[in-house]
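Overview (structure and organization)
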Amino acid sequence: MRRRRSYRRSGPKLVSPYARAEALPRWRRLVGCFCLLAAICLTLAAAVLVFTAPPVSVAGPPRATEAAEQLPQPETIIAEDAAPAQDDHASPDERPTISPAQIFELLATPPDPAGDEGLNYDPFTLITNRARSRMTSIVAQRGDTIAGIANRYGLKKESIAWCNDYRLALVLRPGDVVNIPPVDGACHRVIRTQSKDIRAIAAQYGVDDPYAIIDSPANELPDIAPETLLPSGTRLFIPGGEGEIITWNAPVQQDGAGNVVAFDPGSPFSCGARSGGGTRWVNPLPNGTFVRGYYAGHSGIDIAAPIGTPIYAANGGPILYAGWNNWGYGSTVVIGHGPWSTLYGHMSSTAVRCGQTVGAGQIIGYVGSTGNSSGPHLHFEIRFKNQPQDPASTSGIGW
């Protein structure tokens, strides 16, 4: 019988994967346990991330305006006193914060392509109104008045009147161009034949320093001397200057034919609506001295006389106004004469009252210097349907 040959295997002993765990080496058992534990931990972590992650929107990023509307708006708090300096160790609630909406807008704003120079600005800087230094002009609108325009620009109404045609002070219509001086003062148009240098012009308007005219930016004059004679037609602004006394045009009430039946109806010294009158013309102040005539800048004539000199009605008719007037006339009497009316201003006192009808030559008051007056005189006006006329050219007045 043949003998079997036995062979001896060399190397580690192989273990079947289906063998019992006790048959595996200890190190393999430890590695397996570690891997199993790591897998369990990763599974738990993934589950936590899945269930706790915020929802993801697939509609795209919101616009800046929508994001600002969705995010809560910060509450604005105005402190009564200046806040103290922030402490480095202050609690988070006490430190300055910025709202989410502001963060979103800052991130959404692209940088200035101009570079760092474009960032050197303060977006919260407010530029205050600068004082005007030159003349300007506006177009009058419906409802505008000289007094209203002057109040709008912080000026006296006389300053507006002195720098415009005197007609605007009497009647301002929509569409009229109104010159507005930079500050209170008067305007002057040079007439070379008068041979007045800058010093003389300044004195004419009550200004002691002629350099106030030369140095005014509104005039744009070169460096010249006060003795300089400027070309004819040159227009000057005299800061602080005062022109001629202005008698303002008070409101009146007219009937359908244009006749004045009431003077300054809103005044307590107005006599209401009355009509009639008109006989003959006489001199209202025969013992006076003629001092100023009628022209575009003066709607009547001025007759000087001592205070208390009697003043007579220039024509007969009802008294339309008797008492103090706030339009510059002072103590005033107005008489109606049909389509005509006469005004007597600056009286020291009146001798008539509402309800009276006077005849031509009757005493109605006495010479004074009330209202806008530089001395005792009578300011006398004649109007036809409220349009000023030259009293000196009226037959019977005597001037």
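Relevant structure appears above.
These lines cover the structure that appears in this document, whether it is placed above or below. From a predicted model like this one, the values you see are computed outputs, not experimental measurements. (Residues numbered from 1 in each chain as written. Predicted model: local features only at pLDDT ≥ 70, side-chain atom pairs only at ≥ 80, totals over all residues. Heavy atoms only, no water.)

**With respect to the overall build of the protein**
Helices and strands together make up the secondary structure of the protein, namely eight helices and 16 strands. Evaluated residue by residue, the protein yields a buried proportion of 34% over its 399 residues. Within the protein, contacts between residues separated by at least 24 positions form 64% of all contacts whose residues are at least 6 apart in sequence. In the structure as shown, the protein presents an accessible area of about 26100 Å², 55% of it carried by carbon and sulfur atoms. (Helix = DSSP H or I, 4+ residues; strand = E, 2+ residues; numbered from the N terminus. Buried < 20%, exposed > 50% of the residue type's maximum accessible area, 1.4 Å probe, protein only. Contact = heavy atoms within 4.5 Å. Areas by Shrake-Rupley, 256 points an atom, 1.4 Å probe, with all protein chains shown as cover.)

**Some thoughts on the packing of aromatic side chains**
By the definition in use, this model includes four aromatic pairs. Relative to Tyr321, the ring of Phe263 has its centre 5.4 Å away and its plane inclined at 80 degrees; by these criteria the two rings are edge-to-face. Pair noted here: Phe263 is in strand β6 (residues 260-263) and Tyr321 is in strand β10 (residues 317-325), with a separation of 58 residues, a long-range link. With respect to burial, Phe263 and Tyr321 carry one shared label: buried. Summarising the aromatic geometry, the rings of Trp281 and Trp340 are spaced 5.8 Å apart at their centres and angled 80 degrees between planes, so their arrangement reads as edge-to-face. Residue Trp281 is located in the loop between β6 and β7 (289-292), and its partner Trp340 is located in strand β12 (residues 340-350); the two are separated by 59 residues in the primary sequence. (Phe/Tyr/Trp six-rings, centres within 6.5 Å; stacked < 30°, edge-to-face > 60°.)

**Some words on empty space enclosed by the protein**
One pass over the structure, following the stated rule, counts two cavities of 30 Å³ or more. Volume-wise, the largest cavity comes out at about 80 Å³. For the largest cavity, the full set of lining residues is Val252, Val260, Phe263, Val334, Ser341, Thr342, Leu343, Glu381, Arg383 and Asn386. Those elements giving two or more residues to the lining of the largest cavity turn out to be β6, β12 and β15 (377-384). The residue inventory of the lining of the largest cavity, partitioned by class, reads five nonpolar, three polar and two charged. Looking at the second largest cavity, the residues that line it are His188, Val190, Ile191, Arg192, Gln194, Ser195, Lys196, Ile201, Leu229 and Leu230. Here the residues of the lining of the second largest cavity sort into five nonpolar, three polar and two charged. (1 Å grid on protein atoms, 1.4 Å probe; cavity = no way out; pocket = protein on both sides within 12 Å on 5 of 7 lines; lining within 4 Å. Points joined across faces, edges and corners; volume = space filled by probe spheres on them. Nonpolar A, V, L, I, M, F, W, Y, C, P; charged D, E, K, R; others polar.)

**Details of the state of the cysteines**
Under the defined criterion, the tally for this structure stands at two disulfides. In this model Cys163 forms its disulfide with Cys187; the gap between the sulfur atoms is 2.0 Å. Residues Cys163 and Cys187 are joined through a disulfide that is right-handed, its torsion about the S-S bond being 85 degrees. Within this pair, whereas Cys163 is found in the loop between α5 (157-162) and α6 (166-170), its partner Cys187 is found in strand β3 (residues 185-189), the two being separated by 24 residues in sequence. (Disulfide = S-S within 2.5 Å.)

**Description of the layout of surface pockets**
One number sums up the size of the largest pocket: a volume of about 880 Å³. The set of elements that each furnish at least two residues to the lining of the largest pocket consists of α5, β3 and β4 (235-239). Take the lining of the largest pocket: its biggest share by element is four residues, from β3. The residue makeup of the lining of the largest pocket, split by class, is 16 nonpolar, eight polar and six charged.

**What to know about helix α1 (residues 26-52)**
Compared with an ideal rise of 1.5 Å per residue, which puts 27 residues at 39 Å, α1 spans 40 Å between its outermost C-alpha atoms and is within 8% of the ideal. For α1, the tally of buried residues reaches only zero of 27 residues, placing the bulk of the element at the surface. (Expected span 1.5 Å × (residues − 1).)

**Things to note about the side chain of Ser299**
Residue placement: Ser299 occurs in the loop between β7 and β8 (301-304). Only 2.8 Å separates the side chain of Ser299 from the side chain of Glu381, close enough to count as a polar contact. Once residues lying within four places of it in the same chain are set aside, the contact partners of Ser299 are Tyr166, Tyr294, His379, Glu381, Arg383, Pro388 and Gln389. (Polar contact = N/O pair within 3.5 Å; in protein donor to acceptor, adjacent residues only side chain to side chain.)

**As for a nonpolar patch on the surface**
Together, Leu36, Ile40 and Leu44 give the surface a local cluster of nonpolar side chains, amounting to about 310 Å² of exposed area. When you line up the elements, Leu36 lands in helix α1. The class of Leu36 is exposed, set by a relative accessible area of 56%. (Patch = residues over 30% accessible without salt bridge, like charges linked within 9 Å, V, L, I, M, F, W, Y side chains within 5 Å. Salt bridge = Lys/Arg side-chain N within 4 Å of Asp/Glu carboxyl O.)

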